[in-house]
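Residue-level listing of the chains:
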Amino acid sequence: EAAVSKNFIELIIEKDLEEGHIKQVHTRFPPEPNGYLHIGHAKSILLNYGLAVKYNGKFNLRFDDTNPVKEKIEFVESIKSDVSWLGADWEDRLFFASDYFNQMYEAAVKLINKGKAYVCDLKAEEIREYRGTLTSPGKNSPYRDRSVEENLELFEAMKQGKYNDGERVLRAKIDMSSPNINMRDPILYRVAHMEHHNTGDRWCIYPMYDFAHPIEDAIEGITNSICTLEFEDHRPLYDWVVRELEYENPPKQTEFAKLYLTNVITGKRYIKKLVDDGIVDGWDDPRLVTIAALRRRGYTPESIRMFIDMVGVSKSQSSVDYAMLEYCIREDLKLKAPRMMAVLDPIKLIIDNYPEDQVEYFDVMNNQENESMGTRKVPFSRVLYIEREDFMEEPPKKYFRLFPGNEVRLMNAYFVKCESFVKDEKGEIAEVHCTYDPETRSGSGFSARKVKGTIHWLSAEHAVPATVRLYENLINEDNEPTEGEGTLNLNPDSLKIMETSFVEPVLAEADKEDKFQFVRQGFFCVDSKDSTVDNLVFNRIVSLKSSFKI
Ligand code: ATP
Ligand code: MG
Ligand code: MG
């Protein structure tokens, strides 16, 4: 049964709990504050947080900010906001790896004292050369056998700022002929004269990820250090670090497969380029799959959690269809979002036999599948807006909407029959003229004749103008995501702006981030950045039709 099946990490944890290797599960999400989080990170966040909740454990949010090059406070703030929006609650357990720089330095000194680390003067390219390859062993650095005293002195001098960037490094003394290249005396510390967003210019040496990360986990009492598959080969080094530093109850690393989505751009590097090149409107452009962008587009935390649950956790790499994410937001909003009428590309429909000054109000259910959402009043009058595509002068077969002589139902209102139409000077349809039949009023029980088409509408004098943005994938679906030189295969039609749309009058009160179904059009969200009282802006989250099946 899907409901009771456990993923491989849960099985590991349950065994560890049972055998007493761990007492209480403690996980963390360790982002580097060098960009915005994306849908892939949501998998890691919800996995780590979910395990803590499931096993009554603890969850930390820890900024892995040990590399000052690309880290910024802006990213710290956006990450906090995204993690908490997703519902992962770190309570009072917010940490910065940079707060452990002293302990990391002490840990390095401890390794030197144990004869397990040395200062090396080889240049970067020499270190690479000496490291060897997958098929050939490395060779020892000529500085490998420095005395503990000399190493302590040199490492202290590194810290004092006596050397330039790249002049000297601290390396672990492990095994230059290990089949695992990560174990061939990896670098632990490097010199970098750089400002750090948290520690300023206090440090000019910074620890490498493979050294820093296990220490961070151990300091915080993390039991299960969960990371993605590319770190599998680094696990022996992780274990070496916690063993040589003699931590009690050392954390254990477990790897899972990254989440990849088809036809969307995940990697931070590519997203950053789109932002820097001005191809998208910032990190939260609704066409991106950063968490901030998904939120602005109108995705809910519930829909993202449902999606991550469906994807599951495994060790095998695969891509998930973007349509599955769309399925999840449709499912989530189906019963929650009020269903309204909006006309995106309007033409006028005039009911010639409807009294000129009359306005009547129809009581319309806010959600036909969820009665508890109540009803609203929708004004109806002689001049309406309908969608341009709901009228055709010369319809093809099976077109059941308006055309000369045809009768359709105006949703929630009356039957109308098309009598004539008017074109503007450009030859485009400007007005459709109809007559209505008062007998057919919605709710009257009229059944004398049937019509095949139902269209939506708005009373022109009551409708509220709005801008509606329609999105397609940023990447051309039929092509590879990138072509030569790694340039992205962009879809020129990824954004279509409907500047002259109209929505129901009640929507004038809509707040930023409010979500609606526009009948026949899809689900829409009030844009949190650009929408104002005077100019409502809606983003289409997703259309109503789905190609995705479960
Ligand atoms: P990117 O390569 O997109 O910049 P990253 O791994 O460099 O991602 P980090 O800030 O280091 O970004 O990631 C924080 C955590 O999120 C790490 O534990 C990482 O393994 C995890 N993570 C990153 N990308 C994915 C993904 N696509 N699927 C699942 N987990 C991910
Ligand atoms: Mg990383
Ligand atoms: Mg990264």
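Residues numbered from 1 in each chain as written. Chains lettered and ligands numbered in written order. Predicted model: local features only at pLDDT ≥ 70, side-chain atom pairs only at ≥ 80, totals over all residues.

Undergrad: What's the story with the UniProt feature "domain: Glutamyl/glutaminyl-tRNA synthetase class Ib catalytic" (unreviewed entry) in the protein in this structure? I'm lost.
TA: The UniProt entry lists residues 24-334 under the feature "domain: Glutamyl/glutaminyl-tRNA synthetase class Ib catalytic" (unreviewed entry), expressed in the numbering used here. With 40% helix and 14% strand, the stretch residues 24-334 has end C-alpha atoms that lie 39 Å from each other. (UniProt positions renumbered as here; feature names shortened; annotations may be inferred. Helix = DSSP H or I, 4+ residues; strand = E, 2+ residues; numbered from the N terminus.)

Undergrad: How do you make sense of the environment of Val542 when you look at a structure like this?
TA: Among the secondary structure elements, Val542 is positioned in strand E29 (residues 536-542). Residue classification places Val542 among the buried residues on the basis of 22 C-beta atoms within 10 Å. Spatially, the C-alpha atoms of Val542 and Gln521 are 8.7 Å apart, while their sequence positions differ by 21 residues. Leaving out residues up to four positions away in the same chain, Val542 has contacts with Glu326, Ile329, Arg330, Gly522 and Phe523. (Buried ≥ 20, exposed ≤ 12 C-beta atoms within 10 Å, placed from the backbone. Contact = placed C-beta atoms within 7 Å.)

Undergrad: Mind showing me how you'd approach the domain arrangement of the protein here?
TA: A common way to express how large an interface is: the accessible area buried when the components associate. Split by domain assignment, the protein resolves into domain 1 (8-256), domain 2 (260-334) and domain 3 (342-456). Each of domain 1 and domain 2 has a C-alpha centre, and the two are 28 Å apart. The interface of domain 1 with domain 2 comprises 19 residues on the first partner and 21 residues on the second. Within the residue set of the side of domain 1 that touches domain 2, elements represented by two or more residues are helix H1 (8-18), helix H2 (39-54) and helix H3 (73-85). (Domains from an automatic or database assignment.)

Undergrad: I'm lost on the nonpolar core in this one. Help?
TA: Soluble globular proteins: nonpolar side chains tend toward being buried together. In terms of nonpolar packing, the biggest core is built from 97 residues, with Ile386 and Trp457 touching the most fellow members. The element best represented in this core is H2, accounting for eight residues. Trp457 has contacts with Met341, Leu349, Leu384, Tyr385, Ile386, Leu410 and Met411, leaving out every residue within four places of it along the chain. Residues Phe101, Val169, Tyr206 and Val241 belong to the second largest nonpolar core, which totals 35 residues. (Core = buried A, V, L, I, M, F, W, Y, C linked by C-beta atoms within 7 Å.)

Undergrad: I keep staring at H3 and nothing clicks. Help me out?
TA: Residues lying three or four places apart along an α-helix face the same way, a consequence of the helix completing one turn every 3.6 residues. Counted at 1.5 Å a residue, the expected span for H3 with its 13 residues is 18 Å, and the 18 Å between its end C-alpha atoms agrees. Of all the residues in H3, the buried ones are Phe75, Ser78, Ile79, Asp82 and Val83. Along H3, the residues classed as buried sweep out an arc of 130 degrees about the axis, all on the same side. Facing away from the buried side of H3 by more than 90 degrees, the exposed set consists of Ile73 and Glu77. Buried-residue contacts for H3 involve strand E1 (26-29), H2, strand E2 (58-63) and helix H10 (291-297). At the exit of H3 stands Gly87, carrying a positive phi of roughly 95 degrees. (Expected span 1.5 Å × (residues − 1). Arc of directions from axis to C-beta.)

Undergrad: How do you make sense of the site of ligand 1 when you look at a structure like this?
TA: Taken together, 15 residues sit near ligand 1, with Pro31, Gly40, Thr228, Lys258 and Lys268 positioned nearest. Among the elements of the structure, H2 and strand E8 (224-228) are those that each provide at least two residues to the shell around ligand 1. In terms of residue count, the dominant contributor to the shell around ligand 1 is H2 (four residues). Counted by class, the shell around ligand 1 contains four nonpolar, seven polar and four charged residues. Viewed by domain, the shell around ligand 1 spans two of them, domain 1 (8-256) and domain 2 (260-334), each represented by three or more residues. (Near = placed C-beta within 6 Å. Nonpolar A, V, L, I, M, F, W, Y, C, P; charged D, E, K, R; others polar.)

Undergrad: Any chance you could explain the sheet that holds strand E13 (residues 342-343) here in plain terms?
TA: Strand pairing in a sheet is mediated by backbone hydrogen bonds. Such pairs are either parallel or antiparallel. Here seven strands make up an open sheet; going across it, the order is E12-E27-E28-E29-E23-E26-E13 and the pairing mixed. Across the chains shown, the open sheet's two edge strands, defined by having one partner strand only, are strand E12 (339-340) and E13. By the bridge criterion, two bridges tie E12 to strand E27 (residues 515-518) in an arrangement that is parallel. Across the sheet, the residue bridging to Met340 is Phe518, located in E27. With respect to the sheet, helix H12 (residues 322-334) is in contact with E27, strand E28 (522-526) and E29, its orientation differing from that of E29 by roughly 115 degrees. (Pairing = 2+ DSSP bridges. Axes fitted to C-alpha atoms, helices over the stretch in contact; angles between N-to-C directions.)

Undergrad: So what exactly am I meant to see when it comes to unusual backbone geometry here?
TA: Most peptide bonds adopt trans geometry, and most residues besides glycine take a negative phi value. Of note, Asn249 is a non-glycine position whose phi angle comes to about 45 degrees, a positive value. By the element assignment, Asn249 lies in the loop between helix H8 (235-244) and strand E9 (252-256). For Asn249, a count of 13 C-beta atoms within 10 Å gives the class partly exposed. Although it is not a glycine, Lys398 adopts a positive phi angle of roughly 70 degrees. The residue Lys398 is located in the loop between strand E17 (383-387) and strand E18 (407-410) in this model.

Undergrad: Could you clarify how one ought to interpret the packing of helix H11 (residues 301-311) against H12 in this entry?
TA: A pair of packed helices is captured by two measures, namely the crossing angle of their axes and the spacing between those axes. Remark: H11 packs on H12, axes separated minimally by 8 Å, with the N-to-C direction vectors making an angle of 130 degrees. Here H11 lies oblique to H12, going by the angle between them. In this structure, H11 meets H12 at a crossing whose hand is right-handed. Taking contact as the criterion, the partners of Glu302, Ser303, Met306, Phe307 and Met310 in H11 are, on H12, Met324, Leu325, Cys328, Ile329, Glu331 and Asp332. Across the contact of H11 with H12, the residue classes tally to seven nonpolar, one polar and three charged. (Parallel < 35°, antiparallel > 145°, perpendicular 65-115°, else oblique. Left-handed = near helix turned anticlockwise from the far one by under 90°.)

Undergrad: How should I be thinking about the sheet that holds strand E4 (residues 117-120) in this particular structure?
TA: Taken together, the four strands give an open sheet; going across it, the order is E4-E5-E6-E7, and neighbouring strands pair in antiparallel fashion. Looking along the sheet, the strands with just one partner apiece sit at the ends: E4 and strand E7 (205-207). Along the sheet, successive strands turn relative to each other by an average axial angle of 20 degrees, direction set aside. Note: E4 against strand E5 (residues 169-172), four bridges, orientation antiparallel. Each residue of the ladder has a partner; that of Val119, found in E5, is Leu170. Across the sheet, helix H4 (residues 101-113) is in contact with E4, E5, strand E6 (187-191) and E7; its angle to E4 comes to roughly 100 degrees.

Undergrad: Even after reading the chapter, I still don't get the pairing of E28, so can you show me in this structure?
TA: Each regular strand displays side chains that alternate between the two surfaces of the sheet. Extensive coverage of E28 is indicated by the burial of five of its five residues. Relative to E28, E27 is paired through four bridges, and the arrangement is antiparallel. Along E28, the bridge assignment pairs Lys515 with Cys525. Adjacent in sequence and paired antiparallel, E27 and E28 are bridged by three residues, among which Arg520 carries a positive phi angle near 70 degrees. In terms of strand pairing, E28 meets E29 through four bridges, oriented antiparallel. Paired with Val526 across the bridge in E29 is Phe538.

Undergrad: How do you make sense of the packing of H4 against helix H6 (residues 148-159) when you look at a structure like this?
TA: One can describe the packing of H4 onto H6 by two numbers: an axis separation of 9 Å at closest approach and a directional angle of 160 degrees. It follows from the interaxial angle that H4 and H6 lie roughly antiparallel. Read as a crossing pair, H4 and H6 show a hand that is right-handed. Note on element contacts: H6 touches H4 through Val148, Asn151, Leu152, Phe155 and Lys159, opposite Tyr105, Ala108, Val109, Ile112 and Asn113. When grouped by side-chain class, the residues that make up the contact of H4 with H6 number seven nonpolar, two polar and one charged.

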